[in-house]
Amino acid sequence: MEQKKFYITTPIYYPSDKLHIGHSYCTVATDTMARYKRLRGYDVMFLTGTDEHGQKIERIAKGQGVTPKAYTDKVVEGIKELWKTLHISYDKFIRTTDDYHIKTVQYIFKRLYDQGDIYKSTYEGWYCTPCESFFTQHQLVDGKCPDCGREVEKVKEESYFFRLSKYQDRIIKHMEENPEFLQPNTRQNEMINNFLKPGLEDLAVSRTSFTWGIPVEFDPGHIVYVWIDALSNYISALGYGSGDDSLFQKYWPADVHVVGKEIVRFHSIIWPAMLMALDLPLPKQIFGHGWLVINGGKMSKSVGNVVDPNVLVEKYGVDAIRYFLLREIAFGQDGNFSNEALIQRINSDLANDLGNLVSRTVGMIESYFAGTLPEDRSATEYDADLVQTAKTAVSKVEEAMEKMMFSDALTELWNLIRRTNKYIDETQPWILIKEEQNRPVLANALYHVAESIRIISILLQPFMPNTPQLIYKQLHIEEGELTAWESAKQWGKLPKTLSVEKAKAIFPRIDIKKELKQLEEAIQASQANAIANQKENKQEPPKALEEITIDDFCKVQLKVGEVIASEKVAKSKKLLKNQVKIGDEVRVIFSGISQWYTPEEMVGKKVVVAYNLKPRKMMGEMSYGMILAADDGAERLSLLTVDKGDMPSGADIS
Ligand code: ME8
């Protein structure tokens, strides 16, 4: 029988000096899925890489006084290093500056032009460089980017256009007929209602105002729009449009493109339209995962908000970090990252539940039976339930993994770990050892625990690249038949006269207080390092600001306000409508922060309000004042709040 294929991809990352734990999240999840499918016998193609063209990269490189290629060459090495550290088992790493990719993109562009899907006209509108995204005037929210809320630039240039509008109905139909296409399901409704049904406009797909991109072969003044370039990576990596497209024939269509929620639109609308135009099958699934946030805000490179995965891995090991990311956050939803939560998970789930189970089992076999179980056995009344729990765990883990519900899969696995610990407590080996006649019961009990640990280790394999091997070693399990995924479904595969060998704890317990302090210091040191590097790279000095007098400043009246209600504004991607209590009055204040804060998170917050601001109309309603927030100009926004929670609303800020 022909081996089943599985093609899975991560987004290709914009090369950045420091990829943070948020980027690692997506890649770790994709890697876990790739490992799982390999274990299930699939022929897997796992693709990742870097998205190296575009205005954003050109500007960063310019700021550092180097060419874009010199800049990307340097940082791509760091990205590859990070994937190594996280044990990312990719099969191919694509760089959009690779020759074969450039050729394929040029081929695609030309073909679409020749067949009339791309035409030349003039683009006049707005461009958000951080998102590398075009917007029309009416798509802007308060004159800013509807996706990230940052400033946009006016663009007027000759441009090629892709007939995106032509494919709108086919895309809607595809989504409606294939509910699995875009997951989680809510993202599908969002795409249909917010983008597809209101109508797609043709997309500008070339630029002339800068040069860092793939030249349009037949019109060299133009470079290919970076998203057309980037999305094509999923097929150029397989040799599509080249002399040898055997990998493309073998693996396309992709089984799943794993992407962050903010780029779902590109993957579920623009990419399918491109594929339809090329007459190629669509990927089977786009999975839009949520963000890893810190205190409600998306992580960004800006200082204070980035968590360096290298620091975390060095301190706790890659398996603990991977476990935390996959367990703590339901894939598809946003989840908070905190050092405290991480250490608590390590202590409770890894050191206590799993680590202890292994060490006490091996310890008991060593001390009660000198390391080797005897053959004589006698069953206990608890055996059947443990065996049944193990069977159920395997099928539940499989069920969850098929839906990429990593956290659910780990919850099921931990049910088995906890059930096994409970079995030890029920059978009480330390009591059994006291009577010679109980030795067969004792041997049986310890065998059951060891067998359960074998099954647990097999199920751990997709998530943790190191721990299963450490456990196998302690139980003298050779990798092969006894560690194959299918053998997790067969109870009793361990040899009856199992022998063991104690090793050091797989997950030592952590002193949380001491550790949190050290960790903060390590992260700060790493951030200081990053800043020093940036400085060394000759970033442009900040521009001097115009000075104002204290009288100017005093014209602004700032007050503490308490948000007592908050809701999303239906037609806006950015706005929240807040009811803010300021002393005795309650004001309606709109705020463009819904990308960073949910209405639920807003309620109860004591915020800083610009109180004497002239009321202004927003989305047809008046807004009375402004809620202040810090914006790093890149990817992060954080509300200003008062330090002491008991400061009453209405208090003056001066
Ligand atoms: O978007 N939590 O690249 P990128 C979770 N080049 N995921 C996060 C995250 C966080 N805090 N921060 C970033 C691009 N990501 C394009 C992709 S694909 C053809 C082109 C995720 O480097 C983000 O959601 O800005 C995205 O999926 C990925 O990192 C790459 O982001």
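You'll find the structure just up there.
What counts and how
- Residues numbered from 1 in each chain as written.
- Predicted model: local features only at pLDDT ≥ 70, side-chain atom pairs only at ≥ 80, totals over all residues.
- Heavy atoms only, no water.
- Helix = DSSP H or I, 4+ residues; strand = E, 2+ residues; numbered from the N terminus.
- Buried < 20%, exposed > 50% of the residue type's maximum accessible area, 1.4 Å probe, protein only.
- Contact = heavy atoms within 4.5 Å.
- Phe/Tyr/Trp six-rings, centres within 6.5 Å; stacked < 30°, edge-to-face > 60°.
- Salt bridge = Lys/Arg side-chain N within 4 Å of Asp/Glu carboxyl O.
- Patch = residues over 30% accessible without salt bridge, like charges linked within 9 Å, V, L, I, M, F, W, Y side chains within 5 Å.
- Areas by Shrake-Rupley, 256 points an atom, 1.4 Å probe, with all protein chains shown as cover.
- Near = heavy atom within 4 Å.
- Polar contact = N/O pair within 3.5 Å; in protein donor to acceptor, adjacent residues only side chain to side chain.
- Nonpolar A, V, L, I, M, F, W, Y, C, P; charged D, E, K, R; others polar.
- Pairing = 2+ DSSP bridges.
- Axes fitted to C-alpha atoms, helices over the stretch in contact; angles between N-to-C directions.
- Parallel < 35°, antiparallel > 145°, perpendicular 65-115°, else oblique.
- Left-handed = near helix turned anticlockwise from the far one by under 90°.

**Q** Before we go on, may I ask you to explain the side chain of Arg419 in this structure?
**A** Among the secondary structure elements, Arg419 is positioned in helix H15 (residues 406–427). Judged by its relative accessible area of 10%, Arg419 is buried. Once residues within four sequence positions are removed from consideration, Arg419 is found in contact with Tyr382, Asp385, Leu386, Thr389 and Glu426.

**Q** Honestly, the packing of aromatic side chains in this entry has me stumped. Any pointers?
**A** In this description, a pair of aromatic rings is defined by centroid distance and the angle of the planes. Taken as a whole, this structure holds 29 aromatic pairs when the rule is applied. Arranged with centres 5.7 Å apart and planes meeting at 20 degrees, the rings of Tyr119 and Phe161 form a pair that is stacked. Taken together, the residues Tyr119 in strand S4 (residues 118–128) and Phe161 in strand S6 (residues 153–162) connect sequence positions 42 residues apart. A relative accessible area of 9% places Phe161 in the buried class. Taking the centre distance of 5.0 Å and the plane angle of 25 degrees together, the rings of Phe287 and Phe331 count as stacked. Remark: Phe331 occurs in the loop between helix H12 (318–328) and strand S15 (335–336) and Phe287 occurs in strand S12 (residues 286–289); sequence separation between them is 44 residues.

**Q** Would you mind showing me how to read the pattern of salt bridges here?
**A** A side chain of one charge can pair with a side chain of the opposite charge if their charged atoms are brought near each other. Following the criterion strictly, the structure yields 41 salt bridges and no others. Here Glu153 makes a salt bridge to Arg59, at a shortest N to O gap of 2.9 Å. One end of the pair, Glu153, is in strand S6; the other, Arg59, is in helix H2 (residues 55–63), with 94 residues separating them in the sequence. Residue Arg59 is classed as partly exposed on the basis of its relative accessible area of 41%. As a salt-bridge pair, Asp219 and Lys120 come within 2.7 Å of each other at their nearest N and O atoms. Taken as a pair, Asp219 in the loop between strand S9 (206–207) and strand S10 (223–224) and Lys120 in strand S4 lie far apart in primary sequence, 99 residues in all.

**Q** For this particular structure, what's the right way to read a nonpolar patch on the surface?
**A** On the surface, a cluster of nonpolar side chains totalling about 340 Å² of accessible area is made up of Ile548, Ile550 and Phe553. Locating Phe553 in the fold gives a position in helix H20 (residues 550–554).

**Q** So what exactly am I meant to see when it comes to the site of the ligand here?
**A** Near the ligand lie 24 residues; those nearest to it are Ile12, Asp51, Gly260, Glu262 and Leu292. Within the backbone of Ile12, a nitrogen or oxygen atom sits 2.8 Å from a nitrogen atom of the ligand. Measuring from an oxygen atom of the ligand, one finds a backbone N or O atom of Gly260 at 2.8 Å. Protein coverage of the free-state accessible area of the ligand, which is 670 Å², stands at 96%. If you list the elements that add at least two residues to the shell around the ligand, you get strand S1 (5–13), helix H1 (21–39), helix H7 (226–231), helix H8 (233–236) and strand S11 (256–260). Across the shell around the ligand, the residue classes tally to 13 nonpolar, eight polar and three charged.

**Q** Is there a simple way to explain the sheet that holds strand S2 (residues 43–50) in this structure?
**A** In sheet architecture, strand pairing relies on hydrogen bonds along the backbone and comes in two forms, parallel and antiparallel. Strand order across the open sheet formed by six strands is S3-S2-S1-S11-S12-S7, with parallel pairing between neighbours. Of all the strands in the sheet, just strand S3 (92–95) and strand S7 (182–183) have a single pairing partner and so form its edges. Bridge count between S7 and S12: two bridges; the pairing is parallel. Its bridge partner being in S12, Leu182 is matched across the sheet by Ile286. Docked against the sheet, helix H3 (residues 68–85) engages S1, S2 and S3, running at close to 160 degrees with respect to S3.

**Q** What should I look at first to understand the packing of helix H5 (residues 168–177) against helix H6 (residues 185–196) in this one?
**A** Helices that pack against each other are described as a pair by the angle of their axes relative to one another and the distance between those axes. Put simply, H5 and H6 touch, their axes get as near as 11 Å, and they point 160 degrees apart. Here H5 lies roughly antiparallel to H6, going by the angle between them. Two packed elements cross with a definite hand, and for H5 against H6 that hand is left-handed. Counting all contacts with H5, which are made through Gln168, Ile171, Ile172, Met175 and Glu176, the residues of H6 involved are Gln188, Met191, Ile192 and Leu196. When the residues that make up the contact of H5 with H6 are grouped by side-chain class, the tally is six nonpolar, two polar and one charged.

**Q** Teacher, can you tell me more about the packing of helix H13 (residues 339–369) against H15 here?
**A** At a minimum axis distance of 10 Å, the contact between H13 and H15 shows a crossing angle of 45 degrees. Between H13 and H15, the angle falls in the class oblique. When you trace H13 past H15, the crossing you get is left-handed. Taking contact as the criterion, the partners of Asp349, Leu350, Asp353, Leu354, Leu357, Arg360, Thr361 and Met364 in H13 are, on H15, Trp414, Ile417, Arg418, Thr420, Asn421, Ile424 and Asp425. For the contact of H13 with H15, the residue count by class is seven nonpolar, three polar and five charged.

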